Amino acid sequence: MLAATTAAVRTAGARMFKRYSTESRTSSLEELVAAVRANDAAVVDVLKPALAEIRPQARWLDDEHGSGELGPGEWWLVDPVGGNMNAVQGMTDWNIGVSLVRDGRPVLAVLHFPLFDETCTAVEGEGAFLNGVRLRVSEKTSLDGALAGTGQAQPGQGPEMADRVGASYAAMAKKALHVRISVPVTHQLAQVAAGRMDVHWQYDNVRAHASGVLLVQEAGGVVTDLDGKPWTLTSAGYLAAAPGVHAEALEVLG
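A brief look at the structure comes next. In this text, all values refer to a predicted model and were calculated from it rather than measured experimentally.

**Here's the deal with the overall build of the chain**
- When its secondary structure is counted, the chain shows seven helices and twelve strands.
- The C-alpha atoms of the chain give 17 Å as radius of gyration, which agrees with the globular expectation for 254 residues (18 Å, within 12%).
- Relative to its full complement of 254 residues, the chain shows a buried share of 53%.
- Nonlocal contacts in the chain, meaning residues at least 24 apart in sequence, comprise 65% of its contacts between residues at least 6 apart.
- Mean positive and mean negative side-chain charge positions of the chain (21 and 29 charges, respectively) differ by 3 Å.

Rendered as structure tokens:
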């Protein structure tokens, strides 16, 4: 199943790659939104029938900003173009992400970065891989040498969320070597899984993040809610980090 899912995601990525241009610019919010929707539709047209054939009993959700509980059984959770706004504006941080969730728990993930020909995969209990090479989170033991990050998962969250993210950035910037605020969130989670970043935190928990969370877990990282309890699909927020810096990061965010 992983091989077939990976092939489907890479095919969708190839289609999106043809649509992408570093020269792309939009002149208004309306034009940007239309371009985002067109990109999503192009990817869904590839993925939906392909994933239905791979796992016909699994239901489908491509609401990349959706949150909350899912019914029992299997679900394909799809973020057609993670970082779609970046792609529309000609920037490079975007990906195609898919996870299979079974009874509320991610069990398979594929995250593909077409511009770099990088594909991250994970199956519950079998590890995480980048182009077939095993992924491991970093061995950092102190935030003073750590690269950390967060991002706005959902647009239009209001001033309270902006204040909260800003305050957490200030707190983390006083402890970590470098802190970035960027999207897509799954991009940062993949970097934590690969050991390129050390910490990622989020003040909401979008279901489409499940692919990145599974990558971190299977690469040996620790993912909890912001009270230090195990992450679930319905956690209000979360912290994903290398084991050696998770506790310190949790204290900073507390």
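**Some details on the pairing of strand β2 (residues 74-82)**
- By the criterion of burial, β2 is predominantly enclosed, with nine of the nine residues buried.
- Where strand β1 (residues 59-61) and β2 come together, three bridges link them in parallel fashion. Opposite Arg59, over in β2, you have Trp75 as the bridge partner.
- Sheet topology note: the β2/strand β3 (residues 95-102) ladder contains seven bridges and is antiparallel. Across the sheet, residue Leu77 finds its bridge partner in β3, namely Ser99.

**What about the nonpolar core?**
- By size, the foremost hydrophobic cluster in this structure holds 50 residues, and its most contacted members are Met172, Val199 and Trp201.
- Those residues in contact with Val199 that lie beyond four places of it in its chain are Leu143, Leu147, Ala148, Gly149, Met172, Val192, Leu239, Ala240, Ala241, Val245 and Ala249.
- Within the second largest apolar cluster, 24 residues are counted, among which are Met16, Val44, Leu51 and Leu108.

**Concerning the packing of aromatic side chains**
- Applying the stated criterion to the full structure yields one aromatic pair.
- Ring plane angle 45 degrees and centroid distance 5.4 Å describe the contact between Tyr20 and Trp94, whose orientation is recorded as tilted. Separated by 74 residues along the polypeptide, Tyr20 in the loop between α1 (2-19) and α2 (29-54) and Trp94 in the loop between α3 (84-88) and β3 bring together distant segments of the chain.
- Residue classification places Trp94 among the buried positions, given a relative accessible area of 1%.

**Remarks on α2**
- Over its 26 residues, α2 extends 37 Å from the first C-alpha to the last, a length consistent with the 38 Å expected when each residue adds 1.5 Å.
- The principal kink in α2, of about 30 degrees, is found at Val44.
- Buried residues of α2: Leu32, Val36, Asn39, Asp40, Ala42, Val43, Val44, Val46, Leu47 and Leu51, and no others.
- For α2, the secondary structure elements touched by its buried residues are α1, β1, β2, α3 and β3.

Rules used in this analysis
- Residue numbers restart at each chain and count upward from 1, following the sequence in its written direction.
- Confidence filtering applies because this is a predicted model: local features only for residues at pLDDT of at least 70, side-chain atom pairs given and counted only at 80 or more, and all residues used for totals across whole chains, interfaces and linings.
- Processing note: side-chain calculations cover all non-hydrogen atoms of the structure and skip hydrogens and water entirely.
- In DSSP terms, a helix is any run of H or I states spanning at least four residues, a strand is any run of E spanning at least two, and both are numbered starting from the N terminus.
- Here the radius of gyration uses the C-alpha set of atoms, whereas the globule reference equals 2.2 Å times the residue count to the power 0.38.
- To sort residues, take the accessible area from a 1.4 Å probe on protein chains only and compare it with the maximum for the residue type: under 20% means buried, over 50% means exposed, and anything in between is partly exposed.
- Residue contacts follow a heavy-atom distance rule, with two residues in contact if any of their heavy atoms lie within 4.5 Å.
- Residues scored as charged are limited to Lys and Arg (positive) and Asp and Glu (negative), so that His and the chain ends carry no count.
- Charge positions come from single atoms, namely NZ of Lys, CZ of Arg, CG of Asp or CD of Glu.
- Between any two strands, pairing holds if DSSP finds at least two bridges.
- We define the nonpolar core as a collection of buried residues of types Ala, Val, Leu, Ile, Met, Phe, Trp, Tyr and Cys that are connected through side-chain atoms lying within 4.5 Å of one another.
- Each Phe, Tyr or Trp ring, with Trp reduced to its six-membered ring, pairs with another whose centre is within 6.5 Å; inter-plane angles below 30 degrees give stacked pairs, above 60 give edge-to-face pairs, and intermediate values give tilted ones.
- The span you would expect from a helix comes to 1.5 Å times its residue count less one.
- To get the bend at a residue, fit one axis to the 7 residues ending there and another to the 7 starting there, then take the angle between the axes.

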